[in-house]
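In case you want the letters, here they are:
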Amino acid sequence: MTPRQILERLVGFDTVSSKSNLALIDWVADYLDGYGIEARLTSDASGAKANLFATIGRPDRGGVILSGHTDVVPVEGQEWHSDPFRLSERADRLYGRGAVDMKGFIALALALVPRALERSLATPLHLALSFDEEIGCLGAPVLIRGLPEGVARPRLAIVGEPTDLGVANAQKGCNFLRTRVTGVEAHSSLSDAGVNAISAAAEIIGEIGRAAREARGRARPDSGFDPPFTSFNVGRIEGGNAFNIIPRHCEFLWEFRNLPEEDPAAIEGRIRDFVERELLPKMRERHSQSGVETEMVVAVPPLVPVADCPAQRLARRLTGADRVTTVAFATEAGHFQRAGIPAIVCGPGSIRQAHQPDEFIALEAFAAGEAYLERLLDWASGSA
């Protein structure tokens, strides 16, 4: 199959994160089985989603991971001009949900399999396909726990997110939190009889805003990130029942994306300290049942720049890049790095097309990605 034919099949699977990805994983496993390659699957707790790991070449030595996620973001509410789950070509572009983020890279990696088998690879290549990256890189840690140990453990990882083949050696950490505030209901005319959960939540949000302004004041223009500081966002809030009832409940979702050198525990601790020291005493002075709970929903570790990183050296050799860059979005690269596997982010196409209606990968970028992996194959076979 050509890379385009494989991409057409992959786009045809509706793998929005809220749904199962098993049909796609089973298809890839069958595809690999047709070449005599065994795929190892690891699942989430429900069994409705799975990661896939497979090795091309000798399984008794370390190699290079080609990592990609199989899930995609929703299409509801977006104005598409073609079926998002059917690959279509218009004006030298391939359109479809996941075409660039990141089924395009996966298709190119799968198309490499028969050519790789024709060679005697000195360094094996590993395919690592994960679930639920779009909602917090949930599948990657499960996949990594199942990786081989010892001499067979992969030596480095290339995460093929769309970077226009720029070599990204750093990414921000991504931390998604949920805060629940419990107050006490009362008639709104009796303001001192209740504890207003929405007002308390507003105070916490105000403190998050102060933390954001302080982080902006610590901006690192030399960091390579845009923006060059730890950013905060409150993305959703709900609470209360009526205008004349002091609300008992309020819940909001928030996040911060920290520079690699900033400690996420200290950032979260700053908000918790404000709640414990300043807010809760005032709330419980009125009623002891008042409370605030904050939970970390997802924590994606940053990718920290490392001098003389072997993954970076290889990617720069394959792309000819004379410098490195950064990405502000989350990837599984930080998880690989924490597991002792050097990692970089480098893949075809632009992140600017990701998550958009009429998502696409340009044919030129798709071809550049194919050439990029061909050079990797030459390197792995010792001919480059």
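Refer to the structure presented above.
Predicted model only: the values in this text are computed from it and were never measured.

Regarding the pairing of strand β13 (residues 249-258)
Right, so step 1: Most of β13 is tucked away: seven of the ten residues are buried.
Right, so step 2: Strand direction decides the pairing type here: strand β9 (residues 173-182) and β13, joined by ten bridges, are antiparallel. By the bridge assignment for β13, N175 is matched with F256.
Right, so step 3: Across eight bridges, strand β11 (residues 231-239) lies against β13 in antiparallel orientation. Paired with N233 across the bridge in β13 is E255.

Let's talk about the nonpolar core
Across soluble globular proteins, nonpolar side chains show a tendency to be buried alongside one another.
Right, so step 1: Grouped together as the largest cluster of nonpolar side chains are 59 residues, with contacts concentrated most on L10, V28, L32, L110 and L373.
Right, so step 2: The leading source of residues in this core is helix α3 (residues 103-117), at ten residues.
Right, so step 3: Those residues in contact with V28 that sit more than four places away from it in its chain are L10, L52, L110 and L129.

So, the side chain of T163
Right, so step 1: Secondary-structure assignment places T163 in the loop between β7 (156-159) and β8 (168-171).
Right, so step 2: Sequence-distant contacts of T163, that is, excluding residues within four places in its chain, are made with V327, V345, C346, G347 and G349.

Regarding the packing of aromatic side chains
Right, so step 1: Here the structure, examined in full by the defined rule, presents five aromatic pairs.
Right, so step 2: Seen in terms of ring centroids, W27 and Y31 are 5.7 Å apart; in terms of plane orientation they differ by 20°. Their pairing is stacked. Placement of both W27 and Y31 in helix α2 (residues 22-33) is noted, with a separation of four residues, approximately one turn of the helix.
Right, so step 3: Note on Y31: relative accessible area 9%, which makes it buried.
Right, so step 4: Centre to centre, the rings of W254 and F256 are 6.2 Å apart; their planes meet at 40°, and the pair counts as tilted. Each of the two residues, W254 as well as F256, counts as buried.
Right, so step 5: Over the aromatic face of Y95 sits the side chain of R90, whose NZ or CZ is 3.8 Å from the ring centroid.
Right, so step 6: The ring of F360 has R93 lying over it, and the distance from NZ or CZ to the ring centre is 4.1 Å.

Each value, and the rule that gives it
Residues numbered from 1 in each chain as written. Predicted model: local features only at pLDDT ≥ 70, side-chain atom pairs only at ≥ 80, totals over all residues. Heavy atoms only, no water. Buried < 20%, exposed > 50% of the residue type's maximum accessible area, 1.4 Å probe, protein only. Helix = DSSP H or I, 4+ residues; strand = E, 2+ residues; numbered from the N terminus. Pairing = 2+ DSSP bridges. Core = buried A, V, L, I, M, F, W, Y, C linked by side-chain atoms within 4.5 Å. Contact = heavy atoms within 4.5 Å. Phe/Tyr/Trp six-rings, centres within 6.5 Å; stacked < 30°, edge-to-face > 60°. Lys NZ or Arg CZ within 6 Å of the ring centre and 35° of its normal.

Note that all results are geometric; they support no functional claim without further evidence.
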